[in-house]
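Now for the letters of each chain:
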Amino acid sequence: MSAPLLKVDGLTVETKTETGTHRIVDGVSFELQKGEILGLVGESGSGKTMACRALLRLLPSSRLSIPKGSVRLDGKEVMDLPEDQFRAIRGKRVGMIFQNPASHLDPVMRIGDQIAESVRFHHGGSKRAAEERTIELLQQVGIPDPKERSRAFPHEFSGGMRQRAMIALALACDPDILIADEPTTALDVTVQAQILRLLKELRDARGLSIIFITHDLGVVAQLCDSICVLYGGRVCEHGPKERLLAAPRHPYTAGLMGCQPAIGATGERLRTIPGYPPTVDAMPTGCRFHPRCGNEVAECSRRQPPLEAYEPDHVAACYNPVGETAALLAKESA
Amino acid sequence: MPARRRGLRRLTGHVPQPLMIGAGILIFFIVLAVGAPVIAPYDPIYQDISARLAPPSLVHPFGTDNFGRDILSRVIWSTRIDLQIAFLGVIFPFIIGTAAGTIAGYFGGLTDTLFMRLIDIVLAFPFLVLMLAIIAILGPGLASFYIAMALVGWVSYARLVRAQILVLKQSDFAMAAKSLGFSHWRIMFRHLLPNALIGSIVFAMSDAVLVLLNGAAISYLGLGVQPPTAEWGIMVAEGQAFISIAWWIATFPGLAIVLLAFGFSLLADGLGEKLGVRP
Amino acid sequence: MSEVTPLIETDDVVLHFPVSGGGALGLTRRAVKALNGVSLTVRPGETIGLVGESGSGKSTLGRALLGLETVTGGHIVFDGAAVTGGKRQELSKIRRETAMVFQDPLNALNPRLTAGEAIAEVLRVHKKVPKEKIADRVAELLQMVGLDPALSARRPQALSGGQCQRVGIARALAVEPKLIVADECVAALDVSIQGQIINLFLDLKEKMNLTLIFIAHDLAIVRRLCDRVAVMYLGRIVEEGPTEAVFSAPRHPYTAALIESIPEIDPTVSLPNAPMQGEPPSPLNLPPGCSFHPRCPYAEPQCSRDPPPTLRRRDDHGWACILDPGQLPPPQTATRLQNA
C-alpha cells in the first residue's frame, strides 16, 4: 500500500467550559489515500465535525484548542507550521464545504466574484483568467448557463445550486483533498442524490480525495470507499465499506446499522441503542460506549480499548467485539 | 461535590465581573439611602451660617454650600430621591410599554398599526421638549415628572417588546400553545411575555441611567424637585454659580450621578452577558 | 371496504399566502401557493404519512388540518365539526380533541416552564382532572412516554433532544386527543434515538387506537410507522395509498424518483445513474399544468397544456398522473426488500 496522502495521528481538541476542560476529540487517528472517499460517521457529540475543523485549524472559538496531534500531508507535518505557511494549505491543498451553504457564501458578493477571488488569491493571474476558470468550474459542478449564473448573488440560487457553487468555490484551487461537512443533510433527498453523484464524478475525473462527514449510513454506503465511525470523540471502527457494513466488529457500528429504518417491515418496532449519546462534560470512563453497549465486559469501564487490527485495513476498538466467537469458530474450522 | 455546595455554585455560577461591580454599586447606594438618618453626619437642610462655603475638611468632608449646609449629608440624603427617580421613572414606562408592545405584537393587524402610528407621533417630538411641555402643564414637582416619563418613555419599551413578541409568535411552543386551545391572554402573558422580557430588563437598566440624568436635568431646570430638598440635580444647579470659588458644591453631587449611572450601566452589561442578550 | 366515518376529511383545500409584490414597481400581487387543491381522508385509528420535499406543503397542510392556518379555499371537517370557517364551539372541540408535536424539540417547549408545569398547564386549562390529581396525572403521562417522573422538575435546557421530544408528546397526550399531527418530529434527533420515538408512537397506536398524521421527509421511517402514505408535490397530493402498495409499486413518476433517491445501506444497491434533475420549483411560480412535468422523464405535451391531473383511484390506491399502473417500472429497492 502506497504512503497515504493524509495521515492523522492522535488528534485531540479540548474546550474550556465553566465545568473545566473537556476533550471533544480524543486521540483520533485515520489515513486517507489519494482518490479515496472516506466517510466519517457519528452522531451528536462524536467529534466528527470538530476533528475536521481542527485539521484545517478552523476552530470557531477561542475556548477550543488543539493540545496534541499530528497531521501529515504527503508525509510532511503541518500542525506546527506558522499561520502564514498554513494558509497555503487551506484552500489550495485542502478545501472544505459545509452543511449550510447560505451561511458560508458572502451574501453581498456575486458567486462568480467569490470564486474568482479565491483563484486569484492562491494562483495569482489576471482577472480575465480567473473569470474563465470560474465559468469552467461552474460548468464542472453542473450549474447550467454558467456565464450568466456567475453574475448571480447567493440568495438567487436554490439550495442545491448553492451547494454546487460552494463545491466550485472549494475546488477553485485544485485541492487534493475535499472535506465535506454534512453537505447534503439539509437538502431534499432527490437533490442529495445529484450532489452525491457529482462528488463521485469529481473523484473519478480529478483523483480528488474526499472526507465526507455524515450521520447517514445510507449515504456512506452509496458514496464512500471506507468508513471511520466515531463515538464520544474517539474512533470505534475503521475499515473498507463492504466489510464494515457486512460484518461490523464494534457494537456501536452494529447497533447503528440495526437502527436503520429501512431494515424491517411496516409496524415492526425499530431497533434502538438504549440511552443517549454522552455530553462532553459527562463522558464515561474507559470505553465511551460501554453504558449503552450490549457486549459490555468488566474491562470496558476501566480502560479505553486500543484499536486492534482484524484485517490490515480494518480496525476496531473493543474488548468484546461483535461476531468474535463466530470469527474464532470460522478460523478454527478453516 | 456535596449537593448543597453544588446548588449554590449553580446559583452564582459564572457571574460576570460587570454584574458584580454594578450590583455592588447599586447596593452601596441603596444602603446609603436606607441608612441616611444614621449615616449622614448632619441634617441636610440645617444651615450653619458660620460655615458657609467651607472647603472639604475633616468636619465637612465634602464642604458646605452657600447656605452652610453640609454637602456630604445632602448627597447622602438625596440618594433616596434619586434612586426613587431612577426606579419610578423606569417602572411606569416599562409596565405601560410592555403591555402595549405585547398586545400590538401579538394581535398584529389594525391594533398593531394603531400602536405603531401612536409611537411614531410620540417619537416625532424631541424627548425633552415633550417632557417639559407636560410638566409645564401639570406644574413642577416629581409627580409631574413621573407622569411625563410614563407618557413619553413607554415607546422604547413598546417597540422592544413588540419586536421580541413578533419573533416569539413564530416559535413552535407558541403554535403548540395555540394548538392546545390556550386563550390569547394566556399565550401572551404566560408564554410569550416571560421570554420577551429578558431583553427589556437589560434595556431598563441602561434606561435607568438616562432617567436619572433626565431627572437631574429637570430638577436643574427647576421643574422637578423643589428647594430646599436635596437632589443631585438641584445641587449641581445651585453649585454652578459658585463653580470658580467653591468647586465642591457642584462636583460631589455630579460625581454621585456619574457613579450611580456607571453602576446601572455595568449592571446592564453584566445582566446582558449572563442572560445572553446583546444590549 | 367498510364505510367508516372518516375522522378528518379535507376537500379541495387551497392555501395561498400573499407576499409583498413582485414586478418592476413591486405592485404585482404574488402569493406562495402552499396548497393547491388537497383532498384527503383519514379514518379513525389510521396512521398516515405525509411525505414530500421542500415546497410540498406538507407542514402547511398539517397546520391547516388543526385550524392553525386559515385556508383560502376548500373545506376541512374534523369529526363532524367544521375546521374551516367554523364557529367558536367547533374550533373549541378541535382544540380539545387534537394536538400537534413539533420538529425542534427544544423550540417546541416554553424554555421558562419545567416539563411538569408545561403538562400540568394543559390539564388545568382543559380541566382534565381535579386539582389534587394533577401531579399524579403528570407522572402518569411521563411514564407513558417512557420518562422518569422525576424529570418533571427539569427545564427543556436540562433535557436531551429525545427527552424534550417525549415531553412534547406527553403534553400532546395530556389533551387525550383523538388525532395527533406529528410534524417532522424525529428529524432533529440522532438515528439511535429516533427509533425510541417511533416505537413510542407504535405503542400508543396499539394502546390508545390513536389516529396519527405523520409528516416527514424520511421515507424509510414512514414505511415502518404508517399504514398509508400520501406523497405531496408543490401543494398537491400526487399519490396516496397503503404504504406497501405505494412503495413497492408507485404509480406516479415523482414517487418512483423519490424512492430511488433514498440511499440504501446495502452498497450493492446503488443510487440511480441518472438521478432526477433539477429541484422543486418555488411555490411562488408554479409550472402550468401538472406541476411535476418539467422534471418528469415521462412527460407528454399534454402535461403542460391540460389542467393538473386529478387523483384517480383503483384498489384504494390513488395517483394523479396520466400514466396507467404498470407503465412505471418498479423501483430497484422494492425487489430487494421483498427478498429480505
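Peer 1: Residues and numbers for the overall build of chain B, please.
Peer 2: Counting its regular elements, chain B contains eleven helices and zero strands. Ordered by position in the sequence, the α and β elements of chain B form the string α-α-α-α-α-α-α-α-α-α-α. Over its C-alpha atoms, taken along the principal directions, chain B stretches across nearly 75 × 60 × 25 Å. Looking at the 279 residues of chain B, the share that counts as buried comes to 48%. By sequence separation, contacts in chain B at least 24 residues apart represent 72% of the contacts at least 6 residues apart. Summing over all exposed atoms, chain B offers an accessible surface of approximately 13,600 Å²; the carbon and sulfur share of this is 71%. Taking the 18 positively charged and 13 negatively charged side chains of chain B as two groups, their mean positions are separated by 17 Å.

Peer 1: Please provide a residue-by-residue account of the pattern of salt bridges, values included.
Peer 2: Tallied over the full model, the rule gives 45 salt bridges over all chains. Across the pair A:Glu299 and A:Arg303 runs a salt bridge whose closest N-O atoms are separated by 3.1 Å. For C:Lys205, the salt bridge is made with C:Asp227, and the minimal N-O distance between the two is 3.1 Å. In this pair, C:Lys205 is assigned in helix H6 (residues 191-208) and C:Asp227 in the loop between helix H7 (219-225) and strand S9 (228-233), connecting sequence segments 22 residues apart.

Peer 1: Outline the confidence of the model for chain B, supporting the account with residue identities and numerical values.
Peer 2: In the predicted model, chain B carries a mean pLDDT of 85, and the fraction of residues at 70 or more is 93%. This model gives residues 1-11 of chain B a pLDDT under 50, and the stretch forms four contacts once residues within four places in sequence are excluded.

Peer 1: Let's hear about unusual backbone geometry: which residues, and what values?
Peer 2: Residue and element names in this part refer to chain C. We note that aspartate 79 has phi near 50°; this positive angle belongs to a residue other than glycine. Note that aspartate 79 resides in the loop between strand S4 (73-78) and strand S5 (81-82). Classification of aspartate 79 as partly exposed rests on a relative accessible area of 31%. Phi is positive for glutamate 176, which is not a glycine, with a value near 60°. Looking at the element boundaries, glutamate 176 is found in the loop between helix H5 (161-174) and strand S7 (179-183).

Peer 1: Explain the sheet that holds strand S12 (residues 317-319) of chain C to me, and be specific about the residues and the numbers.
Peer 2: Residue and element names in this part refer to chain C. Reading across from one edge, S6-S7-S8-S3-S9-S10-S12-S11 is the order of the eight strands in this open sheet, with mixed pairing throughout. Strand pairing shows two members of the sheet lacking a second neighbour, strand S6 (98-101) and strand S11 (312-314), which therefore form its edges. Strand-to-strand twist across the sheet, computed as the mean angle between neighbouring axes with direction ignored, equals 20°. In this structure, S11 lies alongside S12, joined through three bridges in antiparallel fashion. Note that in S12 the partner of arginine 314 across the bridge is histidine 317.

Peer 1: Give a detailed account of the nonpolar core, specifying residues and quantitative values.
Peer 2: Among the nonpolar cores identified, the biggest contains 94 residues, and A:Leu6, A:Phe30, A:Ile167, A:Ile177, A:Ile179, A:Ile211 and A:Phe212 are the most heavily contacted of them. It is helix H7 (residues 159-171) of chain A that contributes the most residues to this core, seven residues altogether. Among all residues touching A:Leu6, those that are not within four sequence positions of it are A:Phe30, A:Glu31, A:Leu32, A:Leu55, A:Val71, A:Arg72, A:Leu73, A:Ile177 and A:Ile211. In terms of nonpolar packing, the next biggest core, distinct from the first, is built from 77 residues, B:Tyr106, B:Phe182, B:Ala196 and C:Leu234 among them.

Peer 1: Before we move on, can you summarise helix H4 (residues 111-123) of chain A with the specific residues and values?
Peer 2: Residue and element names in this part refer to chain A. Counted at 1.5 Å a residue, the expected span for H4 with its 13 residues is 18 Å, and the 18 Å between its end C-alpha atoms agrees. Residues of H4 that are buried: Ile111, Gly112, Gln114, Ile115, Ala116, Ser118, Val119 and His122. In this fold, the buried residues of H4 make contact with helix H5 (127-140) and H7. Downstream of H4 by one or two residues, glycine 124 has phi in the positive range, about 70°.

Peer 1: Outline the layout of surface pockets, supporting the account with residue identities and numerical values.
Peer 2: Reported here for the second largest pocket is a volume of approximately 770 Å³. Lining the second largest pocket are 21 residues, and of these B:Tyr106, B:Lys178, B:His184, B:Ile187 and C:Arg95 sit closest to its centre. By residue number, the principal contributor to the lining of the second largest pocket is helix H2 (residues 88-97) of chain C, which donates five residues. Residues that form the lining of the second largest pocket fall into these classes: nine nonpolar, six polar and six charged.

Peer 1: Give me the lowdown on the interface of chain A and chain C, citing residues and values where you can.
Peer 2: Taken together, the contact between chain A and chain C spans 44 residues of the former and 44 residues of the latter. Summing the contributions of chain A and of chain C, the shared interface buries around 3,700 Å²; its carbon and sulfur component is 55%. Of all residues in chain A, A:Gln222, A:Arg269 and A:Tyr276 bury the most surface against chain C, accounting for 19% of the area lost on that side. Our count for the contact surface shared by chain A and chain C stands at two salt bridges. A salt bridge links C:Asp203 to A:Arg269; the nearest nitrogen and oxygen atoms lie 2.6 Å apart. Run the count over chain A and chain C and you get 21 residue pairs in polar contact (both at pLDDT 80 or more). Mapped by element, the contributors of at least two residues to the side of chain A that touches chain C are H7, helix H8 (189-206), helix H9 (217-223) and helix H10 (241-246) of chain A. For the side of chain A that touches chain C, the element with the highest residue contribution is H8(A), accounting for eight residues. Grouping the amino acids of the side of chain A that touches chain C by side-chain chemistry returns 20 nonpolar, 16 polar and eight charged.

Peer 1: With reference to specific residues and values, describe the environment of B:Val59.
Peer 2: Residue and element names in this part refer to chain B. With respect to the helices and strands, the residue valine 59 is situated in the loop between helix H3 (36-39) and helix H4 (71-107). Valine 59 sits in the exposed class, given a relative accessible area of 54%. Sequence separation of valine 59 and isoleucine 201 is 142 residues, and the distance between their C-alpha atoms is 42 Å.

Peer 1: Before we move on, could you go through the state of the cysteines and cite the residues and values that matter?
Peer 2: By definition, a disulfide links the sulfur atoms of two cysteine residues through a covalent bond. Residues and elements named next belong to chain A. Scanning the model with the defined rule gives zero disulfides over all chains in all. You can see cysteine 259 has no disulfide; the closest cysteine sulfur is in cysteine 293, sitting 13 Å from it. Classification of cysteine 259 by relative accessible area gives buried; the value is 3%.

Rules of the game
- Residues numbered from 1 in each chain as written.
- Chains lettered and ligands numbered in written order.
- Predicted model: local features only at pLDDT ≥ 70, side-chain atom pairs only at ≥ 80, totals over all residues.
- Heavy atoms only, no water.
- Helix = DSSP H or I, 4+ residues; strand = E, 2+ residues; numbered from the N terminus.
- Buried < 20%, exposed > 50% of the residue type's maximum accessible area, 1.4 Å probe, protein only.
- Contact = heavy atoms within 4.5 Å.
- Areas by Shrake-Rupley, 256 points an atom, 1.4 Å probe, with all protein chains shown as cover.
- Lys, Arg positive; Asp, Glu negative; His and termini not counted.
- Charge placed at Lys NZ, Arg CZ, Asp CG, Glu CD.
- Salt bridge = Lys/Arg side-chain N within 4 Å of Asp/Glu carboxyl O.
- pLDDT = per-residue confidence, 0-100.
- Pairing = 2+ DSSP bridges.
- Axes fitted to C-alpha atoms, helices over the stretch in contact; angles between N-to-C directions.
- Core = buried A, V, L, I, M, F, W, Y, C linked by side-chain atoms within 4.5 Å.
- Expected span 1.5 Å × (residues − 1).
- 1 Å grid on protein atoms, 1.4 Å probe; cavity = no way out; pocket = protein on both sides within 12 Å on 5 of 7 lines; lining within 4 Å.
- Points joined across faces, edges and corners; volume = space filled by probe spheres on them.
- Nonpolar A, V, L, I, M, F, W, Y, C, P; charged D, E, K, R; others polar.
- Buried area = accessible area lost by both parts, 1.4 Å probe.
- Polar contact = N/O pair within 3.5 Å; in protein donor to acceptor, adjacent residues only side chain to side chain.
- Disulfide = S-S within 2.5 Å.

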